[in-house]
Amino acid sequence: LRWLTQGGRRRPMPQGAGERASPSRGAMASKFAALADSEEEGGSDARAPLPAEPQGPAEGAADDDDDGEFLGAFFHNNKASRHLGAIAARDAARRRERREAEAEGVRELAAGVEELELESDEESSQEEGDGPRKRTSKKAERRTQRKQDKAARREQREAGGAGPGDAASADAAGAPGKAKKQKEGEKGKPQRVSEEHAEEGGAAAAGEAEPGEAATASKGKPKKLGKAPRAIDTEADAEKAACADGGVLDARFRKHFLSCPSEIAPVEGCDHVWEIAPGYVPGMRAPARFFADEKIALLCLEEIGQAGGGFLPAVRQLANVATLPGLMGYSLGMPDIHSGYGFAVGSVAAVDLTNPDAVVSPGGVGFDINCGVRLLRTDIKESEVREKKLASLATAIFEAVPAGVGADGAFAPKNHNDLKDALRHGMRWALERGLCWEEDLERTEEKGAMPDADPDAVSVRALRRGSPQLGTLGSGNHYLELQVVDEIFDEEAARAMDLVQGNICVMIHCGSRGLGHQLCTDYLQNMDAAMKKQGISVPDRQLCCVKASSPEGKQYLRGMAAAANFAFVNRTIIAHSVREVFRKAFLRDPKEDLRMDTVYDVSHNIAKQEDHVDPADGKVKPALVHRKGATRSFPPGHEALPEVYRKVGQPVLIGGSMGTCSYVLAGNPQSMGISFGSTCHGAGRRLSRAAAKRELSAPEVLAKLRRQGIEVRVASPKLVAEEADESYKDVSSVVRTCHEVGMSRMVARMRPIAVIKG
């Protein structure tokens, strides 16, 4: 080594050396060993030549990956390395002695503390009249008591009784030493807190932030959201918790309910209705309400504890919406509610258009304007589809309907003027080109064309993004499913909708693609400046809004209507493609033989002007109803419904998560007073997309679907985990809650047999 560093000349490479294998680390170790031995024999100035290079790895030498042999030989034979090794060993011995001394000091200190504790226990026992006891027996008694307390708490949790920390349960347990603990508390000594109480305190601290501010996880001290957590162990809280579901709640629900802010509570006498009182967020103009059974309410309350890092829980977003000017009645959340942009997904907010301060907010509609569902019924039985090879049918549909991010369709308009005609006239544009039937328009919300649509209110960039995407499914939670009518709940409504048990249906879920997304982005940027000019302040920038009567507000509504018409045309062209696939697969006419009629097409991301009763004064007023992740649910007899559904109410199409059932509902008369004629739109996310990808495996999800007999075709397999049923709430629980509250009623359940996704 010294020869290499003190003037040794580099030898020329022998001819043919490049053809030889590189020496192994074992051979290199031999070099260094020989060099070190020669240094020991010849002194510090010795100049021993390097040994000849071997032609390859020496016999018995280690592989190239064997670092141990090379390092071992080097450190063993080099004098300087041996000296450094001795120094390192000495330092290690000193550190070891120092650690042993510190450990001995800690043990002595612990023994002293234990001695003091035992003496204190003896004194307290004598004061209570128990007499002196042996130290060892007292220590064993305390250990036994802790085990008994732990077992009692476990039994309470399993039995679903009153949660830990409940005063009643503490009295029933009859824990010895209670008088002593109370005495210590009176003296100001710290009392021991149970594990469950510590968890409750941690959840409360982690999930709350000051009103008007998003909680942050910085420095490990998140700010509080709303008021401090309510006090526990009171009879009033126990009764209020019990009224949430008419019985004793499980320990997990009870813990989150009792630790949530006091403004959030179930409405007495109303099943599945929760209210957020003004004061939870400063500036609330009215209360907020959300509809949830115990299972869904638990998810909403748990989400409060996840606030931070810019994330706002859905409950907080509902309260934020209640601060908007001109709000009519309540800010409402459907059972499928989850956090979204500005408005929670699953929100309904109506503003009084007779109020000059009433606002319109793009966040109340969402980026995917007129995302909605269309359902086609058929006369085809499930057995016939199986015989025709379901796999080939799913593949044919997948090839006919482009899916995935950025997918382009086969029905692109000829130019911008042609696209503007589609935006202005909606499904009438498709009818003129033979892409749908007249009956399709009658069974579509607004007959497939929103009034006041203005293509000139759509930017050129939005037009360019949307032009090639007509007739495409997109990605994310959009899908096309072949379904079987699995069960009928309302025979009269099912007959009106021509749904027959065992028959095949086709459900299409998509929206306005890139055009709607770009339009929403454009107006959010424009409204940010306009909002300041109009003197509007909101607790969250994502609630960006302007007065509905202002030029900016009217222009947004005209552009939104044009984007909604784009979505109607998009679903129409997809339905046309599916009908053509069935024509080729079954060699029958889709209209006359297969009867692939549209049951209904309804939006769940829209803002529309409707007449509703103002709860404040009982008068019917024009209202602008924002529905984001919520479906219109008009009752029987409503003038907006087609004649065929006037007696049974509007069909409501509820898509489930991938691989789970979907539902057909019908509007109820109560919906107008409860939720401005609205109900849920789907299952609603339970996990974020990032969390779903962390917890779920795409191959396992696909394998599970195939085991269920479901054919799956996906454009992006890596995104499958995001849309797995584990990522969503239980759609049956969501639908049942809407049914029991009265917003809608169940008509039929649909079971999937093939799924096509982007």
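Further up the page is the structure itself.
Here goes a summary of the coordinates provided. Quick caveat: nothing in here was measured; it's all calculated off a predicted structure.

1. Topic: the packing of aromatic side chains
For any pair of aromatic rings, geometry is given as the distance between the ring centres together with the angle between the planes.
Okay, so step 1: Applying the stated criterion to the full structure yields six aromatic pairs.
Okay, so step 2: Consider the rings of Phe489 and Tyr663, whose centres lie 6.5 Å apart with planes at 20°: the pair is stacked. Taken as a pair, Phe489 in the loop between strand 8 (479-488) and helix 19 (491-496) and Tyr663 in strand 16 (residues 662-667) lie far apart in primary sequence, 174 residues in all.
Okay, so step 3: Classification of Tyr663 by relative accessible area gives buried; the value is 3%.

2. Here's the deal with the sheet that holds strand 1 (residues 264-266)
Okay, so step 1: The strand order across the open sheet built from seven strands is 1-2-3-4-5-13-12, with neighbouring strands paired in mixed fashion. Because the sheet does not close on itself, it has two edges, and the strands there are strand 1 and strand 12 (605-613). In this sheet, neighbouring strand axes are inclined to one another by 25° on average, regardless of whether the strands run parallel or antiparallel.
Okay, so step 2: Docked against the sheet, helix 12 (residues 314-321) engages strand 1, strand 2 (273-276), strand 3 (288-291), strand 4 (327-338) and strand 5 (345-352), running at close to 165° with respect to strand 4.

3. A short note on the side chain of His478
Okay, so step 1: Here His478 shows up in the loop between helix 18 (460-466) and strand 8.
Okay, so step 2: Apart from the residues lying within four places of it in its own chain, the contact partners of His478 are Asp368, Cys371, Leu473, His509, Cys510, Gly511, Lys757 and Gly758.

4. Observations regarding unusual backbone geometry
The phi torsion of most residues other than glycine is negative, and most of the peptide bonds are trans.
Okay, so step 1: A positive phi angle, near 65°, is found at His272, a position not held by glycine.
Okay, so step 2: You can see His272 is positioned in the loop between strand 1 and strand 2.
Okay, so step 3: For Glu446, which is not a glycine, the phi torsion comes out positive at approximately 60°.
Okay, so step 4: Assignment of secondary structure puts Glu446 in the loop between helix 17 (438-442) and helix 18.
Okay, so step 5: On the basis of relative accessible area, Glu446 is assigned to the partly exposed category, the value being 33%.

Parameters at a glance
- Residues numbered from 1 in each chain as written.
- Predicted model: local features only at pLDDT ≥ 70, side-chain atom pairs only at ≥ 80, totals over all residues.
- Heavy atoms only, no water.
- Phe/Tyr/Trp six-rings, centres within 6.5 Å; stacked < 30°, edge-to-face > 60°.
- Helix = DSSP H or I, 4+ residues; strand = E, 2+ residues; numbered from the N terminus.
- Buried < 20%, exposed > 50% of the residue type's maximum accessible area, 1.4 Å probe, protein only.
- Pairing = 2+ DSSP bridges.
- Axes fitted to C-alpha atoms, helices over the stretch in contact; angles between N-to-C directions.
- Contact = heavy atoms within 4.5 Å.

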